[in-house]
Amino acid sequence: MTDVTNGVLHTLFHSDQGGHEQVVICQDRASGLKAVIALHSTALGPALGGTRFYPYASEADAVADALNLSRGMSYKNALAGLDHGGGKAVIIGDPEKIKSEELLLAYGRFVASLGGRYVTACDVGTYVADMDVVARECRWTTGRSPENGGAGDSSVLTAFGVFQGMRASAQHLWGDPTLRGRKVGVAGVGKVGRHLVEHLLSDGAEVVITDVRAESLRAITDLHPDVTVAADTDALIRTEGLDVYAPCALGGALDDDTVPLLTAKVVCGAANNQLAHPGVEKDLADRSVLYAPDYVVNAGGVIQVADELHGFDFERCKAKATKIFDTTLEIFARAKADGIPPAAAADRLAEQRMAEARSR
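Note that residues are indexed from 1 along each chain, following the sequence as it is written. Residues qualify for local features only when their pLDDT is at least 70, as the model is predicted, and side-chain atom pairs are given and counted only at 80 or more; totals for whole chains, interfaces and linings, by contrast, use all residues. Excluded from the side-chain calculations are hydrogens and water; all other atoms, namely the structure's heavy atoms, are used.

**Here we look at the state of the cysteines**
Put simply, the test is: Counting rule for disulfides: a pair of cysteine sulfur atoms within 2.5 Å.
Under the defined criterion, the tally for this structure stands at zero disulfides. Of all cysteine sulfurs, the one in Cys-138 lies closest to Cys-122, which takes part in no disulfide; the gap is 13 Å. The closest cysteine sulfur to the non-disulfide-bonded Cys-248 is located on Cys-268, 8.4 Å from its own sulfur.

Below, the structure is given as structure tokens:
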């Protein structure tokens, strides 16, 4: 554990990925819970972000993920216009094997112990039913079922927001805010990706999909036989004539190996932390690939869970998520004016809002 601790402290206090206000290591041996809660910033308000349940290769990987994801939530919430800072939690382990009511209740007690500094929600490996359990021990829980006072599945508005970002990308690059006649590749057609596919088909796009789960692919192709299936992500990004690539699975989809292979001229997807390292955005720009920053376009879900705290109204949330179109265009315009990649322009805008909040 010493190496892990030293690595965490070094990241927190010395690296560019640090600057977090608080990191909580949680353990409940009776239920098997091992979790990390990371609060990056509360400058704009209570930290808000989901709970990821994942079988990390090591505790160090889990901590690193919590730190990166929570930092990303600060930027996402700032650009979504929310009065929330950024936080994220990860539960270590395979949810198919160790998830239990006792574990989720224990996790809820840890979140509650923060006294409202962190508001949790769903993420990879956690679902509405899980948040209903967590909420029994913690009132700072969103993403609950309507039957339990919540807004339900946030993936619907997440996909809607990504679609708005994709429309803005089309407007910026091709002068028309539609995907009609464009070929779009969606990697990952689970909770968010399947809804995105529906938006794209309704807009007249040609869609190619891939997923590691055969049942997820079948669920779409049974409904839409015209949708094409690529063997894997490598095959998808090499697809001839691809206009848009939408990473909608786990992070790190854009790295030194994948960027040179992209045939698409736009990258716009729902996955968090798509850039494997900070230099990737320049590599994309050098290849004239327009990148819509992930934390800007996938903010529909966090808009929904934030609204849940005030009495959920779907139409109000959808109206806010529609503004992702305008925010994305603003970022592209600023990037062009400043001669920087869109990811850097988005960071500047988010940092500006957080700095203004801290100076009040």
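**Some words on the sheet that holds strand E10 (residues 244-247)**
Keep this limit in mind: Should DSSP find at least two bridges between two strands, the strands are regarded as paired. Think of it this way: any DSSP run of H or I at least four residues long counts as a helix, any run of E at least two long counts as a strand, and we number them from the N terminus.
Within the open sheet, the six strands sit side by side as E9-E8-E7-E10-E11-E12. Their pairing is parallel. Looking at which strands have only one partner, the edges of the open sheet turn out to be strand E9 (228-229) and strand E12 (290-291). Here E10 pairs with strand E11 (residues 266-267) via two bridges, running parallel. Bridge pairing links Tyr-245 to Val-267 in E11.

**Looking at the packing of aromatic side chains**
Applied cut-off: The rule is short: rings of Phe, Tyr and Trp, with Trp giving its six-membered ring, pair when the centres are within 6.5 Å, and they are stacked under 30 degrees, edge-to-face over 60, tilted in between. Partly exposed describes any residue whose relative accessible area lies between the buried limit of under 20% and the exposed limit of over 50%, with all areas from a 1.4 Å probe on protein chains only and scaled to the type maximum. Cation placement over rings: the criterion is NZ of Lys or CZ of Arg within 6 Å of the ring centroid and within 35° of the ring normal.
Inspection of every chain in the model, using the stated rule, returns three aromatic pairs. Aromatic side chains Tyr-54 and Tyr-56 sit 5.1 Å apart centroid to centroid with 70° between the ring planes, which places their arrangement in the edge-to-face category. Using a relative accessible area of 13% as the deciding quantity, one classes Tyr-56 as buried. Geometrically, the ring pair formed by Tyr-75 and Tyr-295 is edge-to-face, given 5.8 Å between the ring centres and 70° between the ring planes. Pair noted here: Tyr-75 is in helix H2 (residues 59-79) and Tyr-295 is in helix H11 (residues 294-297), with a separation of 220 residues, a long-range link. Taken as a pair, Tyr-75 and Tyr-295 share a single burial class, namely buried. For Arg-182, the ring lying beneath its charged end belongs to Trp-174, and the centroid distance is 3.9 Å. Across the ring face of Phe-160, the terminal group of Lys-318 is positioned such that the distance to the ring centre comes to 5.1 Å.

**Details of the pattern of salt bridges**
For clarity, the cut-off: Between Lys or Arg on one side and Asp or Glu on the other, a salt bridge is scored when a side-chain nitrogen of the former is within 4 Å of a carboxyl oxygen of the latter.
For the structure on display, the rule yields 18 salt bridges. The partner of Asp-243 in a salt bridge is Arg-182, and the shortest N-O contact between them spans 3.9 Å. On the criterion of sequence distance, the pair formed by Asp-243 in the loop between helix H9 (233-237) and E10 and Arg-182 in the loop between helix H6 (155-174) and strand E7 (183-187) is long-range, its members being 61 residues apart. Residue class for Arg-182 comes out partly exposed when judged on its relative accessible area of 24%. In the salt-bridge network here, residues are joined through shared partners; they are Arg-52, Asp-65, Lys-88 and Asp-123.

**Details of helix H7 (residues 193-202)**
Heads up, the rule is: Every residue pair with non-hydrogen atoms within 4.5 Å of one another is taken to be in contact.
Every buried residue of H7 is accounted for by Gly-193, His-195, Leu-196, Val-197 and Leu-200. Of the surrounding elements, those touching the buried residues of H7 are H6, E7, strand E8 (206-210), helix H8 (214-221) and E10.

**Digging into helix H14 (residues 324-338)**
Because an α-helix completes one turn every 3.6 residues, residues spaced three or four positions apart along the sequence face the same direction. Which entries qualify depends on this criterion: Multiply 1.5 Å by the residue count of a helix minus one, and that product is the helix's expected span.
For H14, which comprises 15 residues, the first-to-last C-alpha distance of 21 Å matches the rise-based estimate of 21 Å (1.5 Å per residue) to within 8%. Just beyond H14, the residue with positive phi is Gly-339, at close to 70°.

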